[in-house]
Amino acid sequence: MAVRKTKYPMREQEPQKRIKNFNEVPYGYDESTAIEEAKRCLQCKNKPCIEGCPVEIDIPDFIKHVAQGEIDKAVEVLKTKTSLPAVCGRVCPYENQCEGNCTLKKIGEPVGIGRLERFLADYERKKGVVIPKIAKSTGKKVAVVGAGPAGLTCAGDLAKMGHKVTLYEALHDPGGVLMYGIPEFRLPKEIVKAEVDYISKLGVDINYDVVIGKTIFVDELLKDFDAIFIGTGAGLPRWLRIPGENYDGVYSANEFLTRVNMMKAYKFPEYDTPIKIGKVVATFGAGNVAMDCARTSLRLGAEKSYIIYRRSEKEMPAREEEIEHAKEEGVIFELLTNPVRFIGNEKGILTEVECIRMKLGEPDDSGRRRPIPIEGSEFKIKIDTAMVAIGQSPNPLIPKSVKGLKIGKKGNIVTDENGQTSIPGIFAGGDIATGAATVILAMGAGKKAAKAIDKYLKNQ
Ligand code: FAD
């Protein structure tokens, strides 16, 4: 029988309905659709999809079980390599990873690996999560700093190996960006909490509201623990550095999204976190963070939501699905456009942004074509709120407070490929080491570091 060329569709909330709520946009596959989608897999001998997965999930194996209706077995295969499948099944850039390598791409769309992962994770959550066997206690103690995907993965893997793990998180909730950055309509917080609950059940002791480098210092942790993993992420906003950026109404993407997601500003008056939106919002940047800001502002009542980006659509770093969803929801894309200055009134409140049109020149260091301003093409847009979403840098607190820790040019902690830093016993991974990247890369780094820490502890 010929293989179906396209993925089985996944039902979603209608755009006009969903921009009025914060509920998740896609509904996910039901069991029979998941089985049909899994049957599209060619079970290639060379398994190119696994090569594209930073945590090396045995994708063809779990898909084979789904195709045969052996859902519990499929979950078991999936969970041997990932502790956060419901998260990855929603936000992973599969198109550049596992699905990007799928053989079916030669004739049409790849197998919906992400959709199948999501289906399995949701199935398991509803049925009741199975806690795997934990190795006998090694008597070794490890401190993990930061409860984002890197820290959670590292902590979970170390706990399964029999080490006693204590996790320290600066905020009052776990998940890192999964909780404070990615909006509810893309990644419901209940799902993040359920996956963190699984990590706790593996025996990881999570301590909230502890800022390492302020409340407790790394030197002190070194006295109490046999090894340390640092997964403190890249939460330091980058700014446009143009006049008027301090007007009232200009937010960093991080501040805006934290107020909405973690502090539930969208549930006013139940939660009284202040947030200013107005009628017209402009978001600067075109990555996932920018799409999240633009789409969130529509849900908060903005009548117009712009994405302003200095390059063209081809260079936009956001995931295809996010761009598609933003377009469906009515986000206006002003491409090849760069802000020059913000304009405010006598009270210091933002009223306009002046922009300039751009054209693309030769490729720059990033390999993307360099944007060049077109002289005399300046124009103004009246706006009430601006979000700056042009990237984040590594959180500076630990890099600045630990003597002897080698730091890279971008403020990142320098590690080898296994997460070993310049100080024996201190490992690091995720965005703090690479700069802002992806959930799955952070998880991959957490996994590698867990293996390296285990080896280090055995040789101590
Ligand atoms: P983080 O997730 O940043 O977690 C770090 C944790 O450490 C935080 O909880 C922080 O509070 C804590 N911490 C920091 N300093 C300290 C300290 N001194 N003491 C104790 N705790 C500390 N990636 C994707 O793959 N797909 C997407 O769709 C996607 N969308 C995104 C949308 C937004 C809005 C953002 C901001 C990022 C997005 N990313 C996405 C990127 C992805 O979320 C990150 O690459 C990933 O979360 C990095 O994981 P991490 O564990 O290294 O750091």
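Preceding this section is the structure that the text describes.
This section reports on the structure supplied with the text. Since this is a predicted model, take the numbers as computed values, not measurements.

Our focus in this paragraph is the packing of aromatic side chains. Here the structure, examined in full by the defined rule, presents seven aromatic pairs. Plain terms: the ring middles of F22 and F185 are 6.1 Å apart, the flat faces sit at 55° to each other, and that makes the pair tilted. One end of the pair, F22, is in the loop between helix 1 (15-18) and helix 2 (31-38); the other, F185, is in the loop between helix 9 (177-180) and helix 10 (189-201), with 163 residues separating them in the sequence. Exposure class is identical for F22 and F185. Each is buried.

Moving on: the site of the ligand. Neighbouring residues of the ligand: 36 residues in total, closest V91, E169, R186, I212 and D431. V91 is positioned such that a nitrogen or oxygen atom in its backbone is 2.7 Å from a nitrogen atom of the ligand. I212 places a main-chain nitrogen or oxygen 2.8 Å from a nitrogen atom of the ligand. Alone, the ligand offers 1000 Å² of accessible surface; in the complex the protein occludes 96% of this. Secondary-structure elements contributing two or more residues to the shell around the ligand are helix 8 (149-160), helix 13 (288-299) and helix 17 (439-458). If you tally residues by element for the shell around the ligand, the top one is helix 13, at three residues.

Once that is clear, we can look at the pattern of salt bridges. Under the defined criterion, the tally for this structure stands at 33 salt bridges. E76 is the partner of K73 in a salt bridge, and the nearest nitrogen-oxygen pair spans 3.5 Å. Of the two residues, K73 and E76 both sit in helix 5 (residues 71-79), three residues apart, roughly one turn of that helix. Between D122 and R90 there is a salt bridge whose closest N-O contact spans 2.8 Å. With D122 in helix 7 (residues 113-127) and R90 in helix 6 (residues 85-91), this residue pair connects regions lying 32 residues apart in the sequence. Just as D122 is buried, R90 falls in that class too. Shared partners join several salt bridges into a network, and the residues in it are E12, R18, E95, R186, D292, R295, R299, R319, E321, E322, E328 and E329.

A few words now on the pairing of strand 1 (residues 141-145). Along any regular strand the residues' side chains alternate between the sheet's two faces. Burial analysis of strand 1 places four of its five residues in the buried class, the great majority of the element. As judged from the five bridges shared by strand 1 and strand 2 (residues 164-168), these two strands associate in the parallel manner. Across the sheet, V142 pairs through a bridge with V165, a residue of strand 2. Each parallel crossover has a hand, and for strand 1 linked through helix 8 to strand 2 it is right-handed. Summarising the sheet, strand 1 and strand 4 (residues 227-230) pair through four bridges and their orientation is parallel. Bridge pairing links A143 to I228 in strand 4.

Glancing now at the environment of V87. Relative to the helices and strands, V87 is located in helix 6. Residue classification places V87 among the buried positions, given a relative accessible area of 0%. On a C-alpha basis, the gap between V87 and E70 in space is 22 Å, while along the polypeptide they are 17 residues apart. Contacts of V87, omitting those with residues within four sequence positions, involve C92, L178, L187, E195 and V439.

Moving on: the sheet that holds strand 4. With parallel pairing, the five strands of this open sheet are ordered in space as 3-2-1-4-16. Edge positions in the open sheet fall to strand 3 (205-207) and strand 16 (426-428), since each of these has one partner strand only. Here the strands of the sheet are splayed against their neighbours by 20° on average, with no regard to which way each runs. As judged from the three bridges shared by strand 2 and strand 3, these two strands associate in the parallel manner.

Attention now goes to the packing of helix 4 (residues 59-67) against helix 5. The N-to-C vectors of helix 4 and helix 5 enclose an angle of 170°; their axes lie 7 Å apart at closest approach. Comparing the axis directions of helix 4 and helix 5 gives the class roughly antiparallel. Of the residues in helix 5, those touching helix 4 at D61, F62, H65 and V66 are I71, K73, A74, V77 and L78. Classifying every residue of the contact of helix 4 with helix 5 gives six nonpolar, one polar and two charged.

The next thing to look at is the nonpolar core. Residues I59, F62, I63, V66, L116, L120 and I453 are the most contacted members of the largest nonpolar core, which totals 73 residues. With nine residues, the single largest contributor to this core is helix 17. In this view, L120 contacts F62, V66, I71, A74, V75 and L78; residues no more than four positions away in its chain are not counted. By size, the runner-up hydrophobic cluster in this structure holds 29 residues, among which are A286, M291, L298 and M316.

Parameters at a glance
Every chain's residues receive numbers from 1 upward, in the order its sequence appears when written. Reporting in this predicted model follows two pLDDT cut-offs: at least 70 for local features of residues, and 80 or more for side-chain atom pairs to be given and counted; totals over whole chains, interfaces and linings ignore these cut-offs and use all residues. Note that water and hydrogens are dropped before the side-chain values are worked out from all heavy atoms of the structure. Pairing of aromatic side chains here covers Phe, Tyr and the six-membered ring of Trp, requires ring centres within 6.5 Å, and sorts the geometry by plane angle: under 30 degrees stacked, over 60 edge-to-face, intermediate tilted. Secondary structure is summarised from DSSP: a helix means a run of H or I of at least four residues, a strand means a run of E of at least two, and numbering begins at the N terminus for each. Partly exposed residues are those whose accessible area sits between 20% and 50% of the maximum for their type, while under 20% is buried and over 50% is exposed, using a 1.4 Å probe and protein chains only. We call a residue near a given molecule or strand whenever any one of its heavy atoms falls within 4 Å of it. Within 3.5 Å is the distance limit for a polar contact, defined as a pair of N or O atoms, with the added protein rule that one can donate a hydrogen and the other accept it, and that residues adjacent in sequence qualify only through two side-chain atoms. Values of accessible area rely on a 1.4 Å probe in the Shrake-Rupley scheme; residue burial ignores everything except the protein chains shown. Any Lys or Arg side-chain nitrogen located within 4 Å of an Asp or Glu carboxyl oxygen qualifies as a salt bridge. Strand pairing is defined by DSSP finding a minimum of two bridges between the two strands. When the strands point away from the viewer and the connection leading from the first strand across the helix to the second strand turns clockwise, the crossover is called right-handed. Contact between two residues is taken to exist if any of their heavy atoms lie within 4.5 Å; hydrogens are not considered. Between the N-to-C directions of two axes lies an angle of 0 to 180 degrees, each axis being a line fitted to C-alpha atoms and, for a helix, fitted only over the stretch in contact. With respect to orientation, any angle under 35 degrees is reported as roughly parallel, any angle over 145 as roughly antiparallel, any angle of 65 to 115 as roughly perpendicular, and every other angle as oblique. Gly is put with the polar residues, along with every residue not named as nonpolar or charged; the nonpolar set is Ala, Val, Leu, Ile, Met, Phe, Trp, Tyr, Cys and Pro, and the charged set is Asp, Glu, Lys and Arg. Nonpolar cores were defined as sets of buried Ala, Val, Leu, Ile, Met, Phe, Trp, Tyr and Cys residues, with membership established by side-chain atoms within 4.5 Å.

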